[in-house]
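# Architecture at a glance
What follows is the residue order along each chain.
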Amino acid sequence: MKSARPGNSDPLFVIFEQHLVNFQDNEVDRKTFIGQVIQDYFTYLRKMKIIIPLSLEKSIAEELASQVQVMLLKKIYGFHSIQEYQKKAPKSERAQAKRRYSRLVRAR
């Protein structure tokens, strides 16, 4: 899903990126990480008044999990874990992710 304003990134990617570079739980596994991204994305959609039918939520979550898994694999390629990637992420990348996420949250 693309943002309505031109030039903005996909909200799912913005939420993913924020979780990836700025998450605090060092013990989180990939499945939990992906679940947290999806939950935050669903929260974003609800605040934007986008209704997700309960009957479709599970299948949508599964599709989103596949997408987030691919994003995660591409982003942390060459690292053994999310934690290793986070430790080596440049401060500029963290700051950029935080700015994008802040804009997304304010748009709610």
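Residues numbered from 1 in each chain as written. Predicted model: local features only at pLDDT ≥ 70, side-chain atom pairs only at ≥ 80, totals over all residues. Heavy atoms only, no water.

To continue, consider the environment of Q67. Topologically, Q67 is positioned in helix α3 (residues 54-75). Accessibility expressed as a relative area gives 36% for Q67, which makes it partly exposed. Along the primary structure Q67 and F13 are separated by 54 residues, whereas in three dimensions their C-alpha atoms are 9.6 Å apart. (Helix = DSSP H or I, 4+ residues; strand = E, 2+ residues; numbered from the N terminus. Buried < 20%, exposed > 50% of the residue type's maximum accessible area, 1.4 Å probe, protein only.)

Turning to the environment of P11, a few remarks are in order. Locating P11 in the fold gives a position in helix α1 (residues 11-22). Looking at P11, the relative accessible area reads 1%, which means it is buried. For the pair P11 and L54, spaced 43 residues apart in sequence, the C-alpha to C-alpha distance is 21 Å.

Right, let's get into helix α5 (residues 91-107). Its 17 residues place the ends of α5 24 Å apart at the C-alpha level, agreeing with the 24 Å of an ideal helix rising 1.5 Å per residue. Within the span of α5, buried status applies to E93, A97, Y101 and L104. The arc that holds the buried residues of α5, viewed along the axis, is 60°, so those residues lie on one side. Within α5, the exposed residues directed more than 90 degrees away from the buried face are K91, S92, K98 and R106. (Expected span 1.5 Å × (residues − 1). Arc of directions from axis to C-beta.)

Relative to the 16 Å expected for 12 residues at 1.5 Å per residue, α1 spans 16 Å between its end C-alpha atoms, a close match to the ideal helical length. Buried residues dominate α1, accounting for 11 of its 12 residues. Among all positions in α1, only P11, L12, V14, I15, F16, E17, Q18, H19, L20, V21 and N22 are buried.

Attention now moves to the confidence of the model for the protein. Segments scoring low in pLDDT should not have their predicted coordinates read at a detailed level. A residue-level look at the protein finds 91% of positions with pLDDT of 70 or above and a mean pLDDT of 86. Across the protein, the element-wise mean pLDDT spans from 85 in helix α4 (residues 82-88) up to 95 in α3. Low pLDDT (under 50) marks residues 1-7, which in the prediction has 10 contacts with non-local residues, meaning those over four places away or in another chain. (pLDDT = per-residue confidence, 0-100. Contact = heavy atoms within 4.5 Å.)

Here the focus is the packing of aromatic side chains. Enumeration over the complete set of coordinates arrives at 4 aromatic pairs. With a centroid separation of 6.0 Å and 80° between ring planes, the pair formed by F16 and F33 is classed as edge-to-face. You can see F16 sitting in helix α1 and its partner F33 sitting in helix α2 (residues 30-47), a full 17 residues away along the chain. F16 gets classed as buried once you look at its relative accessible area, which sits at 0%. Consider the rings of Y41 and Y44, whose centres lie 6.4 Å apart with planes at 20°: the pair is stacked. (Phe/Tyr/Trp six-rings, centres within 6.5 Å; stacked < 30°, edge-to-face > 60°.)

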